[in-house]
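Chain and residue survey
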Amino acid sequence: MTKVNMKVNISGVELKNPVMTASGTFGSGIEYGEFVDLNRLGAVVVKGIANTSWKGNASPRVAETFGGMLNSVGLQNPGVDEFIQKDIPFLRKYDTKIIVNIAGKTVEEYCEVVKKLATADIDLLELNISCPNVKEGGVSFGTDAKMVEYVTKQVKRVSKQPLIVKLTPNVTDIVEIAKGAEAGGADGLSLINTLLGMAIDIHKRKPVLANVVGGLSGPAIKPVAIRMVYQVAKAVGLPIIGMGGIMTGEDAIEFIQAGATGVAVGTANFINPTATMDVLEGIGKYMNQYGVEKISDIRGIIA
Ligand code: SIN
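Our subject in this report is the structure included herewith. It should be emphasised that the depicted structure is a prediction, and the values quoted were computed from it without experimental measurement.

1. Examining the overall build of the protein
Looking only at helices and strands, one finds eight helices and 16 strands in the protein. Taken along the three principal axes of its C-alpha coordinates, the protein extends 50 × 50 × 40 Å. Across the protein, contacts joining residues at least 24 apart in sequence account for 71% of those joining residues at least 6 apart. When the accessible surface of the protein is split by element, carbon and sulfur atoms take 52% of a total near 12900 Å². When the 31 positive and 30 negative side-chain charges of the protein are each reduced to one mean point, those points stand 2 Å apart.

Structure, rendered in C-alpha cells:
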C-alpha cells in the first residue's frame, strides 16, 4: 500500500488521522489498551466528565436492537479530579490527542469542569449538550438554538482549549442548532449523539431499559447522521467530527465526503474492540484504491 496523508486539523489541533473514539464507548482507553494500539488513533474522546462523580442510571441500561443498541447509562463518571489524576497520565503515554467530553447538570457545572481542565494536558474539549439520558443538563440544553448559543458562550469564556459542541439529532432543524453553537463561539461541532428510542419486553410487559427510554446508536442511525453532517457542513464553517454507526472504513469515507473532518467510532467498539483500527485501515485502502493522496481531497465533495 502506498503511504497516504491522513492528517486532519480540528480547530487548530493537528491529528495524524481522522479516526477517533466516540465518547462513552471507549472509557479513557484503559480497557481497550490490550486490543488497540492507542498510538495509531487520531484522538481518544473520553467518556463525559462532570464536576463530581456520577453513578449513572439504574440497570438494565443497555440493550441490543436491530442494527444497533439502546443505552441509558446516564453519564456515569468518576468526576474531573480523579480523571485528571488517573486518566490523563495514562493517555499521555500515547502519541494521540485527548478530547474530553464535558458533562454537567447546569451551565455552572460545565464551567467548573472546564476551569479545572484549563491547566490539564489535554487537546480539545467536547461540550455534551446532547445526552438524552439525564434529567438535567445534556439534551435539555441542546434542542433550542438560543440556549445552545448561550451555553456555548458561557463555557467558551472559561475554556482554555478549543471547544467542540456535540449536537443532538433529536431536533427538527439541526442546521439551526449548529448555527446557535457557531454564534456562541464554538470552534468545532460533533454530530450526531444518539436518537431517543425505546424497546419493550413483550413477555415481561415492561420497557427493556430501567429508564424506559434511551439513546439509539449503531448502523441503524447512520443515514440520519450522514444527512445531518451533510446539511451542517453546507451551512456552517466549522470543522465537524462525524459519527453515528461507523463500522468500516467505507462508512467513515461516507461521513468525510458528506463534510466531516474527523470520524468517531462508537457502538462498533462494543462488538469489535479493534473496530477503530479496522476503520483506519479501511480508509487507507480506499485512498489507495482511488489514488487519493490527501484525505482533505475528498472532504465535503458531495454537492
Ligand atoms: C450516557 O451516558 O447516557 C450516554 C452519553 C451520551 O449520550 O452523551
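2. Some words on the packing of aromatic side chains
In the structure shown here, the tally under the stated rule is four aromatic pairs. Taken together, a centroid distance of 4.6 Å and an interplanar angle of 40° make the contact between Tyr 286 and Tyr 290 tilted. In this structure Tyr 290 comes out as exposed when scored by relative accessible area, which is 53%.

3. So, the pattern of salt bridges
Applying the stated criterion across every chain, the model contains 13 salt bridges. With a closest N to O distance of 2.7 Å, Lys 222 and Glu 254 form a salt bridge. On the criterion of sequence distance, the pair formed by Lys 222 in helix H5 (residues 222-235) and Glu 254 in helix H6 (residues 249-258) is long-range, its members being 32 residues apart. For Lys 222, a relative accessible area of 15% gives the class buried. The partly exposed category is assigned to Glu 254, whose relative accessible area is 35%.

4. Some remarks on the packing of H6 against helix H8 (residues 275-289)
One way to put it is that H6 packs onto H8 with a least axis distance of 7 Å and a crossing angle of 65°. In terms of their interaxial angle, H6 and H8 are classed as roughly perpendicular. Crossing angle aside, the handedness with which H6 passes H8 is right-handed. Along its contact with H6, which presents Gly 249, Ala 252, Ile 253 and Gln 257, the element H8 presents Asp 278, Val 279, Gly 282, Ile 283 and Tyr 286.

5. Let's talk about the sheet that holds strand E6 (residues 68-71)
Spatially, the four strands line up as an open sheet ordered E5-E6-E14-E11, and their pairing is antiparallel. Looking at the sheet topology across the chains shown, the edges are occupied by strand E5 (62-65) and strand E11 (195-198). With strand direction ignored, the average angle separating the axes of adjacent strands in the sheet is 40°. Relative to E6, E5 is paired through four bridges, and the arrangement is antiparallel. Each bridged residue has a counterpart across the sheet, and for Ala 63 the counterpart in E6 is Leu 70.

6. What to know about the site of the ligand
Taken together, Lys 47, Asn 71, Val 73, Gly 74, Leu 75, Asn 128, Cys 131, Pro 132, Asn 133 and Asn 193 make up the full set of residues adjacent to the ligand. Lys 47 has a polar side-chain atom sitting 2.6 Å from an oxygen atom of the ligand. Contacts to the ligand include Asn 128, whose side-chain N or O atom sits 2.9 Å from an oxygen atom. Residues belonging to the shell around the ligand are distributed by class as follows: four nonpolar, five polar and one charged.

What counts and how
- In this numbering scheme, every chain counts its residues from 1 along its sequence in written order.
- Given that the model is predicted, a residue must reach a pLDDT of at least 70 before its local features are reported, and side-chain atom pairs must reach 80 or more before they are shown or counted; all residues, however, enter totals for whole chains, interfaces and linings.
- Excluding hydrogens and water, the side-chain figures rest on all heavy atoms present in the structure.
- Each helix is a run of H or I in the DSSP string that is no shorter than four residues. Each strand is a run of E no shorter than two, and both are numbered from the N terminus.
- In this analysis, two residues are considered to be in contact whenever any of their non-hydrogen atoms come within 4.5 Å of each other.
- Here, Shrake-Rupley sampling with a 1.4 Å probe gives the accessible areas, and only protein chains in the shown set may cover a residue.
- The charge count includes Lys and Arg as positive and Asp and Glu as negative, but it does not include His or the ends of the chains.
- Just so you know, the charge point we use is NZ for Lys, CZ for Arg, CG for Asp and CD for Glu.
- The rule is short: rings of Phe, Tyr and Trp, with Trp giving its six-membered ring, pair when the centres are within 6.5 Å, and they are stacked under 30 degrees, edge-to-face over 60, tilted in between.
- The classification of residues rests on relative accessible area computed with a 1.4 Å probe and restricted to protein chains. Under 20% of the type maximum is buried, over 50% is exposed, and intermediate values are partly exposed.
- Each salt bridge in this description consists of a side-chain nitrogen of Lys or Arg and a carboxyl oxygen of Asp or Glu lying within 4 Å of one another.
- The angle between two axes is taken between their N-to-C directions and runs from 0 to 180 degrees, where each axis is a line fitted to C-alpha atoms and a helix contributes only its stretch in contact.
- Throughout, the term roughly parallel applies to angles under 35 degrees, roughly antiparallel to angles over 145, roughly perpendicular to angles from 65 to 115, and oblique to all others.
- Note on convention: near helix rotated counterclockwise from far helix by under a right angle means a left-handed crossing. Clockwise means right-handed.
- At least two bridges found by DSSP between two strands is the condition for calling them paired.
- It suffices for a single heavy atom of a residue to lie within 4 Å of a molecule or strand for the residue to be listed as near it.
- Each polar contact in these results corresponds to two N or O atoms within 3.5 Å; when the atoms are within protein, one needs to be able to donate a hydrogen and the other to accept it, and residues that are neighboring in sequence are counted only if both atoms are side-chain atoms.
- In this classification, Asp, Glu, Lys and Arg are treated as charged, Ala, Val, Leu, Ile, Met, Phe, Trp, Tyr, Cys and Pro as nonpolar, and every other residue, Gly included, as polar.

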